[in-house]
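What follows is the residue order along each chain.
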Amino acid sequence: MRIAIIDCGTNTFHLLIVNIIAKRKFKKLYKTKAVVKLGEAGITKNFISEAPFKRGLNALKSFADKIAEHNVDMVYAFATAALRKAKNGKDFIEEAERQTRIKVQLITGKREAELIYYGVREAVKLGEEKSLVMDIGGGSVEFIICNQQKIFWKHSFEIGAALLLEKLKPSNPVTHTEIDKLHTYLEKILTPLFKACEKFKPVKLIGSSGSFDTFAEMILHQKGQPPLSNKKSYQFNMEDYAMVHLQLINSTTQQRMQMKGLVKMRVDMIVLASLLLTFVLEKTGIRQMTLSAYALKEGILADLINN
């Protein structure tokens, strides 16, 4: 069977087309993504503005063309935080189906976290020890405490990088006062996470979003090493990450535009993503970090072919 998986994220829409050969076996045929920034100018009002609404529809139209080209049998499309919360999210889903015949299914934050876990498990050997999976999206951030066998705790928090950017509107570069304000906010909202970490004591953090890809690519560029390409995972040196973090929080937008490995769509959001990650690392005391190149769409695929 040939299937297409669409992940309608807050910042980016992803398309993955695969041939399922047998249980747990598949061949990747096509993969692409489109920057849509659904939260632009409306994420704090729970509304998708006109321009991102059109960008989202155009992305799905181009995906529909690729799906037709590849003679796909089944399409599985899922939407996350931005469309979950938007007052006109249902309008977008209905218009998308009318224009493209793609039926987009809204999933809850907890279901999203579960699917991210399935994706990460296909890319990283989790083992018996407990890990904290962190997926920094535009509208929400998912945390999962898990090992190879099971999930011990999961939660989705509405503190995505695009949402924080709209709420805080940080200076250029971000100031110490603004960082302190962010820490105070995160201390309160992430209380359930820190209590769960005290209980389950994860020893490693696994990052599964584009922000973690960016941190890794920046480090590899600075060290003169080849890019990630098709690697499923990457082991961070924590000193390397700390160096990149300091560069980001002390830089202006213009300076970040020139940084190797930092794609333009993340230039504004990456500072808040790095501040969020660093705060979590400091609060939990975790000193190991791994990138998973697999996330939600691969988790959806794993769930489908395993069941």
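Before reading on, note that the structure itself is shown above.
What counts and how
Residues numbered from 1 in each chain as written. Predicted model: local features only at pLDDT ≥ 70, side-chain atom pairs only at ≥ 80, totals over all residues. Heavy atoms only, no water. Helix = DSSP H or I, 4+ residues; strand = E, 2+ residues; numbered from the N terminus. Rg over C-alpha atoms; globule rule 2.2 N^0.38 Å. Contact = heavy atoms within 4.5 Å. 1 Å grid on protein atoms, 1.4 Å probe; cavity = no way out; pocket = protein on both sides within 12 Å on 5 of 7 lines; lining within 4 Å. Points joined across faces, edges and corners; volume = space filled by probe spheres on them. Nonpolar A, V, L, I, M, F, W, Y, C, P; charged D, E, K, R; others polar. Pairing = 2+ DSSP bridges. Axes fitted to C-alpha atoms, helices over the stretch in contact; angles between N-to-C directions. Core = buried A, V, L, I, M, F, W, Y, C linked by side-chain atoms within 4.5 Å. Buried < 20%, exposed > 50% of the residue type's maximum accessible area, 1.4 Å probe, protein only. Patch = residues over 30% accessible without salt bridge, like charges linked within 9 Å, V, L, I, M, F, W, Y side chains within 5 Å. Areas by Shrake-Rupley, 256 points an atom, 1.4 Å probe, with all protein chains shown as cover. Salt bridge = Lys/Arg side-chain N within 4 Å of Asp/Glu carboxyl O. Lys, Arg positive; Asp, Glu negative; His and termini not counted. Charge placed at Lys NZ, Arg CZ, Asp CG, Glu CD. Expected span 1.5 Å × (residues − 1). Arc of directions from axis to C-beta. Polar contact = N/O pair within 3.5 Å; in protein donor to acceptor, adjacent residues only side chain to side chain.

K.L.:
I'd like to hear about the overall build of the protein, residue by residue, with values.
P.N.:
Helix and strand counts for the protein stand at 12 helices and 11 strands. For the protein, whose C-alpha radius of gyration is 19 Å, the value lies close to the compact-globule estimate of 19 Å for 307 residues. Across its three principal axes, the protein shows a C-alpha extent of roughly 50 × 45 × 40 Å. Restricting to contacts in the protein with at least 6 residues of sequence separation, those with at least 24 account for 69%.

K.L.:
Can you lay out empty space enclosed by the protein for me, pointing to particular residues and giving the numbers?
P.N.:
Scanning all chains against the criterion turns up one cavity of 30 Å³ or more. Considering only enclosed or pocket space, the largest cavity measures out at about 90 Å³ in volume. Lining the largest cavity are 13 residues, and of these Ile43, Asn46, Ala81, Ala82 and Lys85 sit closest to its centre. Among the elements that line the lining of the largest cavity, the one with the most residues is helix α2 (residues 81-85), at three residues. When grouped by side-chain class, the residues that make up the lining of the largest cavity number eight nonpolar, four polar and one charged.

K.L.:
So what's going on with the sheet that holds strand β7 (residues 141-146)? Which residues, and what values?
P.N.:
Taking strand neighbours across the sheet as the criterion, the six strands line up as β8-β7-β6-β9-β11-β10 in an open arrangement whose pairing is mixed. Strand pairing shows two members of the sheet lacking a second neighbour, β8 (151-157) and β10 (233-235), which therefore form its edges. Strand after strand, the sheet turns through a mean of 20° between neighbouring axes, direction not considered. Bridge analysis of strand β6 (residues 131-136) against strand β9 (residues 204-207) gives four bridges, and the strand direction is parallel. Bridge assignment links Met134 to a residue of β9, and that residue is Gly207.

K.L.:
Just give me the short version of the nonpolar core, but keep the residues and values in it.
P.N.:
Judged by nonpolar contacts, the single largest core of 56 residues is most densely connected at Met134, Phe143, Leu190, Leu193, Leu205 and Phe215. Ranked by residue count, the leading element in this core is helix α11 (residues 269-284), at 11 residues. Ignoring anything within four residues of it in the chain, the contact list for Phe143 reads Leu132, Val133, Met134, Trp153, Lys154, His155, Phe157, Leu190, Leu193 and Val280. Residues Leu38, Ala77, Ala79 and Phe92 belong to the second largest nonpolar core, which totals 28 residues.

K.L.:
So what's going on with the pairing of strand β1 (residues 2-8)? Residues and values would help.
P.N.:
Counting buried positions over the seven residues of β1 gives six, a clear majority of the element. Bridge count between β1 and strand β2 (residues 12-22): seven bridges; the pairing is antiparallel. Residue pairing for β2: Ile6 is matched across the bridge by Leu15. Counted along the chain from β1 to the antiparallel partner β2, the turn is three residues long.

K.L.:
Hey, could you go over the layout of surface pockets for me, with residue numbers and the actual values?
P.N.:
In this approach, a probe sized like a water molecule rolls over the atoms, and the result shows the empty space that is left. Considered as a void within the structure, the largest pocket measures approximately 1100 Å³ in volume. Forming the walls of the largest pocket are 44 residues, and the residues nearest its centre are His14, Lys33, Gly210, Asp213 and Lys297. When residues of the lining of the largest pocket are traced back to their parent elements, those giving at least two are β2, β3 (25-35), α4 (109-123), β6, α8 (210-222) and α12 (296-306). Of the residues contributing to the lining of the largest pocket, the split by class is 11 nonpolar, 20 polar and 13 charged.

K.L.:
Describe a positive patch on the surface, and please don't skip the residues or the numbers.
P.N.:
Taken together, Lys28, Lys31, Lys33 and Lys232 make up a surface patch of like positive charges. Along the chain, the position of Lys232 falls in the loop between α8 and β10. Of the residues examined, Lys232 reaches a relative accessible area of 41% and is grouped as partly exposed.

K.L.:
Residue-level account of the sheet that holds β2, with values.
P.N.:
Taken in spatial order, the five strands make up an open sheet running β3-β2-β1-β4-β5, and their pairing is mixed. Each edge of the open sheet carries a strand with a single partner, namely β3 and β5 (104-106). Neighbour to neighbour, the strand axes of the sheet diverge by 20° on average, direction disregarded. Relative to strand β4 (residues 74-79), β1 runs parallel, the two sharing six bridges. Looking at β4, one finds that Ile6 is bridged to Ala77.

K.L.:
Any chance you could break down helix α9 (residues 238-249) for me, citing the residues and the numbers?
P.N.:
Turn by turn, an α-helix covers 3.6 residues, leaving residues three or four places apart pointing in a common direction. Its 12 residues give α9 an end-to-end C-alpha distance of 17 Å, which sits within 8% of 16 Å, the value for a rise of 1.5 Å per residue. Among the residues of α9, those classed as buried are Asp240, Tyr241, Val244, His245, Leu248 and Ile249. Taken end-on, α9 shows its buried residues confined to a sector of 160°, consistent with a single buried face. Each element contacted by the buried residues of α9 is listed here: α8, α10 (253-257), α11 and β11 (289-292). Put simply, Asn237 is the residue that caps the front of α9, since its side-chain oxygen is 2.8 Å from the backbone nitrogen of Glu239.

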